[in-house]
Amino acid sequence: MIIEKEFYNQGAIEVAKGILGHYLVREVNGLKIRTKIVETESYIGATDKACHAYNYKRTDRTKPLFEEGGIAYVYFIYGLYHCFNIVTNIKEEPEAVLIRAVEPLDNFEYLSNIRFNKNYNELTNAQKRNLTNGPSKLCSALSITREDNYKKLYIDSGLYLEYNYEKNIEIVETTRIGIDYAEEAKDFNWRFYIKNNPYVSKK
């Protein structure tokens, strides 16, 4: 069952924890690829100097963050990589959850060829983990680009979240990655991951 729109009207911290262990589903090239969300980060515009919309800064890039929760916010970094976020909270409160890592559950051959141009059985153990163990890696594997910006994640849109009713996880809370510029915000424990999952980007 697809996670309903109302779920995303919570704050970014609640959503970041709440979606761990649930499924991110991508439909592309005639395939339905199911992955499990294993690592997330929260960004809160009102107080967070690491957020693109800190202090309610509104630009063409950050416009999706001011929409009602439940849509995709995809941005491009270093002229090379995409990062996929889920907008949360109510309209005009810019908050989002970065999906940092997912665990692939099927279509391993497809993912392997997209990421490494090799069959899955040719990959090293490190390459298998590297399929989707980082925000740009999972976007590459799942073909998530800025064309998915604003996509509604609570309908069958080709990119959506589904409930995992059997999840049983332990969550680790720690600091976020790559935001040393963010002054005191770099020390916020707003990164969350499933303990002992091999696809987490950094323990």
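Please read all numbers here as calculations on a predicted model, not as lab measurements.

Participant: I'm lost on helix α2 (residues 108-116) in this one. Help?
Facilitator: Side chains that are three or four residues apart share a direction in an α-helix, a result of its 3.6 residues per turn. Within α2 the residues assigned to the buried category are Y110, L111 and S112. Tucked inside the fold, the buried residues of α2 contact β1 (23-28), β2 (31-44), β5 (95-104) and α4 (135-142). Just past α2, the residue N117 takes up positive phi, approximately 55°.

Participant: Would you take a moment to explain the packing of aromatic side chains for this structure?
Facilitator: Remark: the centre distance and the inter-plane angle together describe each pair of aromatic rings, the angle taken between the planes. Under the criterion given, the structure shown has five aromatic pairs. Taking the centre distance of 5.4 Å and the plane angle of 25° together, the rings of Y163 and Y165 count as stacked. Since its relative accessible area comes to 18%, Y163 is described here as buried. Assessed through its relative accessible area of 60%, Y165 is described here as exposed. Its guanidinium or amino end placed over the ring of Y23, R34 lies 5.6 Å from that ring's centre, counting from NZ or CZ.

Definitions and limits used
- Residues numbered from 1 in each chain as written.
- Predicted model: local features only at pLDDT ≥ 70, side-chain atom pairs only at ≥ 80, totals over all residues.
- Heavy atoms only, no water.
- Buried < 20%, exposed > 50% of the residue type's maximum accessible area, 1.4 Å probe, protein only.
- Helix = DSSP H or I, 4+ residues; strand = E, 2+ residues; numbered from the N terminus.
- Contact = heavy atoms within 4.5 Å.
- Phe/Tyr/Trp six-rings, centres within 6.5 Å; stacked < 30°, edge-to-face > 60°.
- Lys NZ or Arg CZ within 6 Å of the ring centre and 35° of its normal.

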